[in-house]
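# Chains, contacts and geometry: an overview
Take a look at the letters that make up each chain.
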Amino acid sequence: MIPINCLIYIYIYIYIYIYIYVGKPPQPNTGLFPAIPILPRPHCNPGVELFSMKGSLTSWLLQPYSKTLLKKYSYLLQVNLYTTHFTRHPLQQHPLTSLQCGALLQSFTNTKSFKQGQQLHGHMISFSILENNTFLNTKLAAFYAACGVMPLAEVIFDGILLKNSFLWNYMIRGYACNGLPMKSLVLYRDMLCFGQRGDNFTYPFVLKACGDLLLVEIGRRVHSEVVVFGLQSDIYVGNSLLSMYAKFGDMGTAKMVFDRMTERDLTSWNTMISGYAKNDDSGAAFLVFYLMGKAGFFADCTTLLGLLSACADLKVMKQGKSVHCYAVRNTIGNYNNFFTNSLIEMYCNCNCIMDARRLFERVRWKDTVSWNSMISGYARNGDAFESLRLFSRMALDGSGPDEVTFIAVLGACDQIAALRYGMSIHSYLVKKGFDANTIVGTALVDMYAKCGSLACSRHIFDEMPDKSLVSWSAMVAGYGLHGRGREAISILDAMKANGVIPDDAVFTSILSACSHAGLVVEGQEIFYKMQKEYNMKPALSHYSCMVDLLGRAGHLDEACEIIMTMEVEPTSDIWVALLTASQLYKNVQLAEIAAHKVFDMNPKGVSSYICLSNTYAAEKRWDDVERVRAMVRRKGLKKSPGCSFIELDNMVHRFLVGDKSHKQTEHIYAKLKELKLHLKEVGYKFSVL
């Protein structure tokens, strides 16, 4: 029976042979094997035997590994590897020693020189240097783990009987840093079972794996082991603990660990700043930055990235500009695209779109993230036309769009109801291979529904290979937008049949659809089913939909009862729904109560004043109408002008209230006058402030 070690060596030998030689173009030859050219020997100083295999390289190998030395060794390995198999050469009789191979492997591990390491591996197999050599096998497994080739590292690792902590640590690190955190934790468990104890090189990567997998309980257990083994004072372990708890969202524990650290470096401060920023506590992030300065630390690019994220969340332009100025003064991130993109994103979030655009135009090499930041920034700030123009420019520039790009431009299309432009983007993303992407498919469903093509929206939804919860919710919302309540309810039934459990957003969309369709009984049934069958507590959005549903149907008393029996304090949206219903059914007393509640919660919302004024006007209470108008004038409130979009002949036309800039203004207003007369004939009454 062949020993397992021999089988492993044979497997590795075949793998490397195929990797290196299969696929090379055939060379003219006269012998049995193709002739492999020997690389030319580099220039050497006279009297220096650079490639001696008699041990003279040992002193060189133990010195610091310079780039020149590694290049010479790489050349040597290429010559050795070729001559071993195909030609006769004096080097064939003088293989590298075990010490030399170990030193080279360590160099290639540090520099992650994968090709040179494979050549050295082939050399060691050819001369049987690896046989029964635990030292070299350990170094070789560590090399492949460092290069991210975990399957090969695992094969060699399994063949080593006596595994030291160096090997365990490299394997755990390899799995944790190459997207296999679960395997990293399994290997850590195996290490403990073998009686090997973790050290300060083990725990940083075990903690990273716990954070990546969000395994809170296991992470806490590993933390307790760190304390038991007395490693909590190690700065690298401490920083890994901070990062893990930040990923868990437990910044309270992270702060406790940070406060107990006897030694802190810049990474410790940066981890806390980015942790607070990512967990929506931007104020604490700035406080940590202030304390960092008092402790004598200077910010680097990572620090400023965390602060920019905090500025974007808080929408504080002044502090954001201060961070930008600090970066310019200290020449931080000048040639860092990631930092520049973060600045653009911050300015867009702070509604400083012109500052973001100036910074964007100064970027010499714009990547996809740069384009995405500006395209989505314009879309968020209500300039859908410029967003679409930038997308066209991006496509002409040759930059490759990703799913974020398509989500942003599809969102811009639904803002201006640009159906045909949306269709062209749809065909473009299909050509780019994004048609099977669930997130992009959901954006398409939403875009078609908001642009008025419900049939296309449903077709895209049915063709999606994988539907997320957001996809179902988008289809329900689309039906609700078009007043198709029964179809929205059928989607809920389809979700139940497919084993998909709806969340609060889905129920909000369905209740809204029932409200628009006037399905009072069905809406009430779904509201109570949500609580009984799905054990879901109604949120404020659900209460708002129910008040709107009952109010539209004229059940004002039931709507008031829901508000009074709510377990949470009603928001202004709920009172606005009641106010609108009161105006519709001319209930002045209820309208006054709801309006004053809205005035207290949202004093700058002009729509509630308009609604109350129209309620008074319907009852011919002109003194009250004038009083409300005086309040609006005194507070300096102005109603935003209404805006509408019409797409005709591949062009989107925008119209504002009172706008006379269109070239066909006379014909447009003539038609509006005609429509107004028709509306009056059928009994429609116009409501204005």
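Residues numbered from 1 in each chain as written. Predicted model: local features only at pLDDT ≥ 70, side-chain atom pairs only at ≥ 80, totals over all residues. Heavy atoms only, no water.

Moving on, we get to the confidence of the model for the protein chain. Residues of the protein chain with pLDDT of at least 70 account for 85%, and the chain-wide mean is 82. Below pLDDT 50 for its whole length, residues 19-92 participates in 87 contacts with residues either more than four positions away or in separate chains. (pLDDT = per-residue confidence, 0-100. Contact = heavy atoms within 4.5 Å.)

Moving on: the packing of aromatic side chains. A complete count under the given rule lists 21 aromatic pairs for this structure. On the numbers, 5.4 Å between centres and 65 degrees between planes, the contact of F507 with Y534 is edge-to-face. Residue F507 is located in helix α28 (residues 504-517), and its partner Y534 is located in the loop between α29 (520-532) and α30 (540-552); the two are separated by 27 residues in the primary sequence. Each ring, one from F527 and one from Y528, has its centre 5.5 Å from the other, and the planes form 75 degrees; the classification is edge-to-face. A residue is classified by how much of its surface remains accessible, and Y528, at 45% relative accessible area, is partly exposed. (Phe/Tyr/Trp six-rings, centres within 6.5 Å; stacked < 30°, edge-to-face > 60°. Helix = DSSP H or I, 4+ residues; strand = E, 2+ residues; numbered from the N terminus. Buried < 20%, exposed > 50% of the residue type's maximum accessible area, 1.4 Å probe, protein only.)

Once that is clear, we can look at a nonpolar patch on the surface. Together, L287, Y290 and L291 make up an exposed nonpolar region whose accessible area comes to about 310 Å². Assignment of secondary structure puts Y290 in helix α15 (residues 282-294). (Patch = residues over 30% accessible without salt bridge, like charges linked within 9 Å, V, L, I, M, F, W, Y side chains within 5 Å. Areas by Shrake-Rupley, 256 points an atom, 1.4 Å probe, with all protein chains shown as cover. Salt bridge = Lys/Arg side-chain N within 4 Å of Asp/Glu carboxyl O.)

With that settled, consider the packing of helix α32 (residues 572-584) against helix α33 (residues 588-601). Between two packed helices, both the angle of their axes relative to each other and the distance between the axes serve to describe the pair. Axis separation between α32 and α33 bottoms out at 8 Å; the angle between their running directions is 150 degrees. In terms of axis orientation, α32 runs roughly antiparallel to α33. For the element pair α32 and α33, the recorded crossing hand is left-handed. Residue-level inspection shows S572, W575, V576, L578, L579 and S582 of α32 in contact with α33, the latter providing L590, A591, A594, A595, K597, V598 and M601. (Axes fitted to C-alpha atoms, helices over the stretch in contact; angles between N-to-C directions. Parallel < 35°, antiparallel > 145°, perpendicular 65-115°, else oblique. Left-handed = near helix turned anticlockwise from the far one by under 90°.)

Turning next to the packing of helix α12 (residues 235-248) against helix α14 (residues 266-278). For the pair α12 and α14, the least separation of the axes is 9 Å and the interaxial angle reads 5 degrees. Comparing the axis directions of α12 and α14 gives the class roughly parallel. Between α12, through I235, N239, L242, S243 and A246, and α14, the contact on the second element is made entirely by T267, S268, T271, M272 and G275. Grouping the amino acids of the contact of α12 with α14 by side-chain chemistry returns 4 nonpolar, 6 polar and no charged. (Nonpolar A, V, L, I, M, F, W, Y, C, P; charged D, E, K, R; others polar.)

Another point: the pattern of salt bridges. For the structure shown, the criterion picks out 25 salt bridges. The partner of K496 in a salt bridge is E533, with the nearest N and O atoms 3.6 Å apart. A residue pair is termed long-range when its members are at least 10 positions apart, and K496 in helix α27 (residues 485-497) and E533 in the loop between α29 and α30 qualify at 37 residues. A salt bridge links K537 to E567; its shortest N-O distance comes to 3.6 Å. Of this pair, K537 sits in the loop between α29 and α30 while E567 is found in the loop between α31 (556-564) and α32, placing the two residues 30 residues apart along the sequence. Each member of the pair, K537 as well as E567, carries the same accessibility label: exposed. Each of R357, E361, E386, R389 and R393 takes part in salt bridges that share partners, so that together they form one network.

On to the nonpolar core. Residues M124, M171, M374, I425 and L578 are the most contacted members of the largest nonpolar core, which totals 179 residues. Contact partners of M124, with chain neighbours within four places excluded, come to C101, L105, I129, L130, L136 and L140. (Core = buried A, V, L, I, M, F, W, Y, C linked by side-chain atoms within 4.5 Å.)

All right, on to the environment of A145 then. Structurally, A145 can be placed in helix α6 (residues 134-146). When its relative accessible area of 3% is taken as the criterion, A145 is described as buried. It is 6.4 Å that separates the C-alpha atoms of A145 and Y170, two residues lying 25 residues apart in sequence. Among all residues touching A145, those that are not within four sequence positions of it are M150, A153, Y170, M171, G174 and N178.

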